[in-house]
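# Residue-level structural notes
These are the residues of each chain, in order.
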Amino acid sequence: MNTQSASLTPELIEKYSVQGPYYTSYPTGRQWTGEFGAEDFRRGLEELVRSDPNVPLSLYLHIPFCKRRCRFCFCFAEVTRSREKIDEFLGVLFQEIQLVRRLFDSLGIEPNFREIHLGGGSPSYLEIDQLKTLIEHLRPLVDVASLDEFTLETDAITVTSDKLLQCRDLGISRLSFGIQDFDEQVQRAIGRVQSPELIASLMTPDVRRSFHGVNFDLMYGLPFQTRQSFRETIAKVVDLSPSRAAIYSYFHMPEMYPNQGPIQQADLPGTAEKALIFADAVEAFVRNGYEFIGIDHFSRPGDDLARAKDVGTLLRHFMGYTAGRTPHLIGLGPTSISGFGDCYAHNTYSMDEYRQAIQAGRLPLLRGYRMTEDDKIRWAVISRFLAYMSVEFRDLDERFGIDCRSYFADELAGLESFVDDGLVEWTDDGFRATALGVFFARHVCARFDRYAPVDGRAKKNQFVPAIQRGQC
Ligand code: SF4
């Protein structure tokens, strides 16, 4: 996909300078409520597995501990040096795994988990014997040996190349490193100092051969970041040649995330600079042979994500983009999110509530949501657009028995302003983003979000990150 960052004018950036959801779900978490409970979860799961007993599933586990607390981070995590504390938490997590196993047993179903994602926090902070014990406890629920993908979020200072190879021996097949930025001044400001040489020392030929892929997470909008400094970071990233990369936006919300307190607003790049930092990065990745997968993901042509995009199976969910094996995800651990069938479910943020619920044999749910038919139609539009930057009406008409042109008459009329701005163009059977419009894909999606504010766009500072991945 070509991009046109040179056409990103200050006027356009200002006009669209509003924060909005990442649309890893629809409706977004703001619509979910505490009325959704364990019985809704069970019923939703039952409907899913009754419609296809062999339905592929993925599993997310949230390990909320880190060796350090980075100042930019949005994740639910705490720093600890206490192995006992982590062991105690793992004991509760093992009980939650058993709880879910019993749920499947009560439905008479052998679950078909195809993927696992260990996130947090820093799951790589676990000692090898703790990871081994965790995987042992997963075996009643998951056939680890037959997984298509098993990812470990990795903080570089918690591993050695030997430890990574031991992780591979346990069945972990992908690594995701939190990189953010390689500029020393930026790293000091965000409290996360790690050199490109450290990452290079971990990505030995043995490690590269042993894993199916390596992802780097980057972040733009960080203190002291400039277009030039981030270009240099991208050049170093390209030299290290991860198979995938994702670039997330930093949002400064110290009132919500106290760890961001030491970051000074005055040190952050301005709105226009931030947009151009991102646009430069997109161009640099594409120029260096990466495929632009969607709004913030890139992959080498041979990677699963690029292949999924080519064959039309790319999916959007709480992990960002996935290779399309399954849209159905079950999340375990505090704050984790499940999304399967018609349901979304969100676990509690409180460690005490989490522990008490599990020990009482209850799912530790905070809130959830059951999609309506209209939600499903809108999610089909939004997720398709975010994956392929285009929407084809005929597919939706056939799938949902609607006439898109009349069903979305108001929304399509609302797209005219995007057409006028050169961001969207009509096709014979729908619409697509222009090369410039890919930078505004989430704004287009907001037009189809019936819960968004009246003008179809979220207001400034109303954004809540909703990607279920650490920035580790
Ligand atoms: S970025 Fe990773 S290591 Fe840093 S605080 Fe967040 S989860 Fe922990």
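Parameters at a glance
- Residues numbered from 1 in each chain as written.
- Predicted model: local features only at pLDDT ≥ 70, side-chain atom pairs only at ≥ 80, totals over all residues.
- Heavy atoms only, no water.
- Axes fitted to C-alpha atoms, helices over the stretch in contact; angles between N-to-C directions.
- Helix = DSSP H or I, 4+ residues; strand = E, 2+ residues; numbered from the N terminus.
- Parallel < 35°, antiparallel > 145°, perpendicular 65-115°, else oblique.
- Left-handed = near helix turned anticlockwise from the far one by under 90°.
- Contact = heavy atoms within 4.5 Å.
- Nonpolar A, V, L, I, M, F, W, Y, C, P; charged D, E, K, R; others polar.
- 1 Å grid on protein atoms, 1.4 Å probe; cavity = no way out; pocket = protein on both sides within 12 Å on 5 of 7 lines; lining within 4 Å.
- Points joined across faces, edges and corners; volume = space filled by probe spheres on them.
- Pairing = 2+ DSSP bridges.
- Domains from an automatic or database assignment.
- Salt bridge = Lys/Arg side-chain N within 4 Å of Asp/Glu carboxyl O.
- Polar contact = N/O pair within 3.5 Å; in protein donor to acceptor, adjacent residues only side chain to side chain.

## Some remarks on the packing of helix α3 (residues 83–106) against helix α12 (residues 351–359)
Where α3 meets α12, the axes come as close as 9 Å, and the angle between the chain directions of the two elements is 45 degrees. Relative to α12, the element α3 is oriented oblique. Between α3 and α12 lies a crossing whose hand is left-handed. Contacts between α3 and α12 involve E88, F89, V92, L93, Q95, E96 and L99 from the former and M351, Y354, R355, I358 and Q359 from the latter. Among the residues making up the contact of α3 with α12, the classes are represented as seven nonpolar, two polar and three charged.

## As for empty space enclosed by the protein
Tallying each qualifying case throughout the model produces four cavities of 30 Å³ or more. What lines the largest cavity is a set of 22 residues, and nearest its centre among them are H117, E149, T151, R244 and M319. Elements represented by at least two residues in the lining of the largest cavity include exactly β1 (56–63), β4 (112–120), β5 (149–154), β6 (174–180) and β12 (320–322). For the lining of the largest cavity, the residue count by class is eight nonpolar, eight polar and six charged.

## Details of the sheet that holds strand β17 (residues 390–392)
Strand pairs in the sheet, formed through backbone hydrogen bonds, run parallel or antiparallel to each other. On the basis of which strands lie adjacent, the open sheet formed by three strands has the order β17-β19-β18 and antiparallel pairing. Either end of the sheet is taken by a strand with one partner, and the two such strands are β17 and β18 (424–427). Sheet twist, expressed as the average angle between the axes of neighbouring strands with direction ignored, equals 20 degrees. Across three bridges, the pairing between β17 and strand β19 (residues 430–433) is antiparallel. Across the sheet, the residue bridging to S390 is R432, located in β19. With respect to the sheet, helix α13 (residues 373–388) is in contact with β17 and β19, its orientation differing from that of β17 by roughly 130 degrees. The sheet strands contacting helix α14 (residues 393–400) are β17 and β19, and the helix crosses β17 at an angle near 50 degrees.

## Here's the deal with the domain arrangement of the protein chain
Where interface size is given, it is often the accessible area lost as the parts come together that is meant. Assigned domains within the protein chain: domain 1 (1–24 + 372–451) and domain 2 (25–332). Taking the mean C-alpha position of each, domain 1 and domain 2 sit 27 Å from one another. Contacts between domain 1 and domain 2 engage 29 residues on the former and 31 residues on the latter. Summed over the shared surface of domain 1 and domain 2, the number is zero salt bridges. Linking domain 1 to domain 2 there are eleven residue pairs in polar contact (both at pLDDT 80 or more). When residues in the side of domain 1 that touches domain 2 are grouped by element, the largest group, eight residues, is from α13.

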